[in-house]
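Survey of secondary and tertiary structure
Chain residues, written in single-letter form:
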Amino acid sequence: MVTDGLVEAGLTYAGAAAFSTPRRLALAIEGLTATSRAVREERKGPAASAPDTALQGFLRSTGLAREQLELRDDKKGQVWFAVIEKPGRPAAAIVAEVLEAVIRGFPWPKSMRWGAGTLRWVRPLHSILCVLTDEHGAQVVPLTVDHLTAGATTRGHRFMAPAPFAVTGFDDYAARLERGFVVLDAAAREAAIWHDATTQAFARGLEVVPDAGLLAEVAGLVEWPVVLAGLIDPAFLELPPEVLQTSMRSHQKFFSLRNPKTGRIEGFATVANRETVDHGATILAGNNKVLSARLSDARFFWENDLRTVKAQGMEGMAVGLALVTFHNKLGSQAERVLRVEALAREIAPLVGAAPDLAAEAARICKADLQSAMVGEFPELQGLMGRYYAAAASHNDGVPQACEMHYKPLGPTDAVPSDPVSVAVAMADKIDTLTGFWAIDEKPTGSKDPFALRRAALGVIRLVLGNGVRCNLDALFGARIRWILDYLYNWQSAQFGDVERDDVLAKAAPASSDLLAFFHDRLKVYLRDQGIRHDVIDACLAMPGNDDLTLLVKRAEALAAFLKTDDGENLTQGFRRANNILTQAEQKDGVEYSYGADPKFAETAEERALFKALDKAEAAIAPAMKTEDFAAAMAAIAALRAPIDAFFTAVQVNSDNAVIRRNRLNLLHRIRATCAQVADLNRIEG
Amino acid sequence: MTDTATAPRSFQEIILRLMTYWGARGCAVLQPYDMEVGAGTFHPATTLRSLGTRPWAAAYVQPSRRPTDGRYGENPNRLQHYYQYQVLIKPSPPDLQDLYLGSLAAIGIDTALHDIRFVEDDWESPTLGAWGLGWEVWCDGMEVSQFTYFQQVGGHDCHPVSGELTYGLERLAMYVLGVDHVMDMPFNDPSARIPLTYGDIFRQTEQEYSRWNFDQADTDMLLRHFADAEAECARILAAPQPDKAGRHIIMAHPAYDQCIKASHLFNLLDARGVISVTERQAYIGRVRTLARACADAFVTTQAGADRCESLTDA
């Protein structure tokens, strides 16, 4: 913002660098020109013959006096010209202006006022340093913003070097700040923290668990980073590493130190903002104390949860879900779990999972939401499910499913592949989607509070990633119908006088709408993989478009096909045939689907086309049956040459009505043959 | 940890030192508000006095009740009743951070030995219709204070801006005194003739209130009382003016009392587990409506209006 403003005002510069610490923002601009360029502007005014008012207006707008104008010859006569000279301005004045504007208009995401003032800044602004240095020395830029006047002084570290000092330029500033225990550059602070943490971890035989986000955050909290490392009290080491890490990171902003041989978290590193005479002993002791309190809480939760789960099983822990509302129109979490269990059992055979195991996993996969640990650390949902399920003696992929059934969480998150996990993951998301579609709460362009887009994408990735073959339309329809029936019985008041059959009749359209939603999500997903939306549209027109694995296979083959020369030209040929045929059908009011007879073929090209179509049809049908779409595409690719030759040599609209009708029927064969593979009408371009 | 000559020896000594410190810096050392509140911010000395243009400087201890935090006195750090120390200065002085650091030194925290960090934080109270920007203050990895510049309260922009400091007294004191379990903390001087620990005073009440808050409180009664407080607040503010003797008195404070009651009743209902996730927002909205109405009323009164003399530059 600043450099743009300076350039706009006529200065140039060689380089600029920005720095930040928790207490200051700094901008250094090098090679700034000493004055802005002088600017000479010529403005054309009214004709000499124009009335005086026009001239007065011109004089006003240019701010000149009549004597300063020039009279020049123009093609229409004589015209007044104003030559406005703007001399260069000293950099200091321009910098002051630009900075004041930038400070007042700074785009903080959240800003505040303080005291009795009106200026807004991220936190109260105490002082401004603004110094312009050249070969003559340093001058303070005459910048004033409200009651703050820029000077040449700054202060070092709040505790270690608080006294003010004056500087003569940026190099002086940076060096003296460093001596004043302030590391100006955030990247340098990050590097120092990482280096020191690694060294201290190594000294204890440990390594630092990388955490780029935490590193950036912590570097923004200190001006003088001092890394202090400690070991976790052995009493807490029985806690799962994720619990230790989450607790330390979110509450304490600690880095976790891991034993490279065992993978266990055994230590922590914190970053203090000062050196002390006792080398951080007091600070470390304090941090240790807080950590103990936090981990005691975590251990209390862990032991309590394990006790519950061992005595009452995961089902016992899940009892409370009956009192937790999922959505006021869809009932409790417990009711949802029952639906997911039934659905998981149904989906299991499609993904190669044992139905009983899938049902078992679904039944217990939400139990951990009632645990004390997840109550304290909601981000550990799923993970704690895995630990507690294992502790309650579940196995055969069931504990893993508790953790994995939430995935994939984002477009780049890993897709589960273990069958039990896949079954529950699909069931969980499909239940959510069919539930909301049943009560007509769909996402809008700007709002998707229940993350339904993400759920649909998750199902898509689960299906495609595992090659699952299932007809979603039937699945959705049955589920939505079931839910509507359940709702009708349970909340009949909500439906008023509507008949049960009318309520259930909504299932089919809702299911179609949900499938269309899936298709939209699929298009977005495949677009990122290089498959165009019109290619998908061409395949959506084919039967079985609710079997996503089949659909994508077809789309991939079509996309590859269209990239070839044959493919592109075949499409053109198809279009040509289709257009002629459609025109004729509209004009004549009939469909030319009777079937063409080769005996009416007059030319060699016509006969060749007949033969080619025979050959193609013979190849396509079996290929489609075995889902060998590449072979099917190759079969219609072979039509390209005969079709091109046909159109070159043959006139479809022959004067002979019989011949013409036969040729139109032949075009229909082309259309029908291609339509077996994909709806090429949808291909753009 | 601290120089023994200046180290405080009890919980009450820490409170007394804070009172002395802020009193010496010009705050009116007020007394706690005599109603159940969830935080020092609810005291009219903060919520109402942060409104309008009149300058203000107050400091006080505030017993705060958070029913959902009850642990029957067994958790070393968590209580359903605890003390906050609250400071409100309006307009916020430019050296407020330094003043705050001075208060830490006053209670025995040597900034040369401890790591004090200001961690950027934003504060908001949906029930009071208030928000501000500021910091959490951390001492050696533990949050000890909230430091906020109020931007809006009760739906009104704050001009001038108040600086609010809130100390979690038990937590801070446990650290300064080197105590691991709150119940073990000496309340009065340990060498007093009748030494009393925090547990001697509060362990039983923590048990009693935890039981009542979680299991026993009559939820029908609480719901009725919530509705009563809500209605009464509105009725008070709608009272005809002037009164029978011709006085024009807008009862902003009595109305605000009802708002505070409603807020506490909501916290009790929450602890009883009868407020569902969807209902929660509705209740918070109802309390916020009361808070806004009280704020609207307060700014029309003398205490909430402009000073006669102009403000000196802060």
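These figures come from a predicted structure and were not determined experimentally.

1. Quick look at the overall build of chain B
Scanning chain B from terminus to terminus reveals 8 helices and 8 strands. Relative to the 2.2 N^0.38 estimate, which gives 20 Å for 314 residues, the radius of gyration of chain B is 20 Å and therefore close to what a compact globule would have. For the C-alpha atoms alone, the extent of chain B along its principal axes is close to 60 × 55 × 40 Å. Sequence-distant contacts in chain B: of pairs separated by 6 or more residues, those separated by 24 or more amount to 68%.

2. Points about the overall build of chain A
Within chain A one finds 26 helices and 17 strands. Computed over C-alpha atoms, the radius of gyration of chain A comes to 38 Å, more than 25% over the 26 Å expected from 2.2 N^0.38 for 685 residues, which places it beyond the range of a compact globule. Dimensions of chain A along its principal axes, counting C-alpha atoms only, are 105 × 100 × 60 Å. The buried share among the 685 residues of chain A stands at 38%. In chain A, once contacts between residues fewer than 6 apart in sequence are set aside, the share between residues at least 24 apart is 64%.

3. Structural notes on the environment of Arg-49 of chain B
Residues and elements named next belong to chain B. Structurally, Arg-49 is set in the loop between helix H2 (44–47) and strand E2 (56–65). The exposure class of Arg-49 is buried, given the 21 C-beta atoms found within 10 Å. Between the alpha carbons of Arg-49 and Ile-89 there is a distance of 9.8 Å; along the sequence they are 40 residues apart.

4. Section: the interface of chain B and chain A
On the chain A side, the residues contacting the 31 residues of chain B number 28 residues. For the side of chain B that touches chain A, the secondary structure elements donating two or more residues are strand E4 (116–125), strand E5 (130–139), strand E6 (142–153) and helix H8 (277–298) of chain B. Counting residues per element, the side of chain B that touches chain A draws most heavily on E4 of chain B, which supplies 4 residues. Of the residues in the side of chain B that touches chain A, the class split is 18 nonpolar, 8 polar and 5 charged.

5. Brief notes about the nonpolar core
Membership of the largest hydrophobic core comes to 196 residues, with the highest contact counts inside it found for Ala-344, Ala-358, Ala-361, Ala-423, Val-424 and Leu-558 of chain A. Look past the residues within four positions of Ala-361 of chain A in its chain and what remains in contact with it is Ala-344, Val-398, Ala-401, Cys-402, Val-420 and Val-424 of chain A. In terms of nonpolar packing, the next biggest core, distinct from the first, is built from 37 residues, Tyr-149, Leu-269, Leu-290 and Ala-295 of chain B among them.

6. Some details on the pairing of E2 of chain B
Residue and element names in this part refer to chain B. Sheet topology places strand E1 (residues 28–29) next to E2; 2 bridges connect them, and they run parallel. Note that in E2 the partner of Ala-28 across the bridge is Ala-58. Pairing between E2 and strand E3 (residues 81–90): 10 bridges, direction antiparallel. Following the sheet pairing, Val-61 is matched in E3 by Tyr-85.

7. Here's the deal with the sheet that holds strand E3 (residues 39–47) of chain A
All names here are of chain A. Taken in spatial order, the 3 strands of this open sheet run E3-E5-E4, and their pairing is antiparallel. Strands at the two margins of the open sheet, each flanked by one partner only, are E3 and strand E4 (70–74). Across the sheet, the mean angle separating the axes of adjacent strands is 35° when strand polarity is ignored. Pairing analysis gives 7 bridges linking E3 to strand E5 (residues 77–86), with the strands arranged antiparallel. Counterpart to Val-39 in the pairing with E5 is Lys-86. Packed onto the sheet, helix H2 (residues 52–62) meets E3 and E5 and runs at close to 165° relative to E3.

8. Thoughts on the confidence of the model for chain B
All names here are of chain B. Predicted confidence across chain B gives a mean pLDDT of 93, with 96% of residues reaching 70 or more. Counted against residues more than four places away or in other chains, residues 308–314, with its pLDDT under 50, gives 10 contacts. As a predicted assembly, this complex carries a pTM of 0.80 together with an ipTM value of 0.90.

9. Examining the packing of helix H9 (residues 333–351) of chain A against helix H10 (residues 355–364) of chain A
All names here are of chain A. One way to put it is that H9 packs onto H10 with a least axis distance of 8 Å and a crossing angle of 155°. On the basis of the axis angle, H9 is roughly antiparallel to H10. The chirality of how H9 crosses H10 is right-handed. Every residue of H10 that contacts H9 at Val-337, Val-340, Glu-341, Ala-344, Arg-345, Ala-348 and Pro-349 is listed here: Pro-355, Ala-358, Ala-359, Ala-361, Ala-362 and Arg-363.

10. Concerning the packing of helix H16 (residues 472–490) of chain A against helix H19 (residues 507–527) of chain A
Residue and element names in this part refer to chain A. Relative to each other, H16 and H19 sit at 135°, their axes nearing to 8 Å. Comparing the axis directions of H16 and H19 gives the class oblique. Here H16 and H19 pass one another in a crossing that is right-handed. On H19, the residues that touch Leu-472, Asp-473, Phe-476, Gly-477, Ile-480, Arg-481 and Leu-484 of H16 are Ala-507, Ala-508, Ala-510, Ser-511, Leu-514, Leu-515 and Phe-518. Classifying every residue of the contact of H16 with H19 by side-chain character gives 10 nonpolar, 2 polar and 2 charged.

What counts as what
- Residue positions are counted from 1 within each chain, in the order its sequence is given.
- Working convention: letters from A go to chains and numbers from 1 go to ligands, in the order in which they are written.
- The model is predicted, so local features are restricted to residues of pLDDT at least 70 and side-chain atom pairs to those at 80 or more, both for listing and for counting; the totals for chains, interfaces and linings are taken over all residues.
- Note on conventions: DSSP H or I runs of at least 4 residues are helices, E runs of at least 2 residues are strands, and numbering of each starts at the N terminus.
- Radius of gyration means the value over C-alpha atoms here, while the globule rule gives 2.2 Å times the residue count to the 0.38 power.
- We call two residues in contact whenever the C-beta atoms placed from their backbones are within 7 Å.
- Remark: C-beta atoms are placed from the backbone, and a residue is labelled buried if 20 or more other C-beta atoms sit within 10 Å of its own, exposed if 12 or fewer do, or partly exposed between those counts.
- Classification used: nonpolar for Ala, Val, Leu, Ile, Met, Phe, Trp, Tyr, Cys and Pro, charged for Asp, Glu, Lys and Arg, polar for all others including Gly.
- By convention in this section, buried Ala, Val, Leu, Ile, Met, Phe, Trp, Tyr and Cys residues joined through C-beta atoms within 7 Å make up a nonpolar core.
- At least two bridges found by DSSP between two strands are what make those strands a pair.
- Axis definition: a line fit to C-alpha positions, over the contact stretch in the case of helices; interaxial angles, taken between N-to-C directions, run 0 to 180 degrees.
- What pLDDT conveys is the predictor's confidence in a given residue, as a value from 0 to 100.
- Roughly parallel refers to an angle under 35 degrees, roughly antiparallel to one over 145, roughly perpendicular to one between 65 and 115, and oblique to any angle outside these ranges.
- Crossing handedness is read from the near helix: turned anticlockwise from the far helix by less than a right angle, it gives a left-handed crossing, and turned clockwise, a right-handed one.

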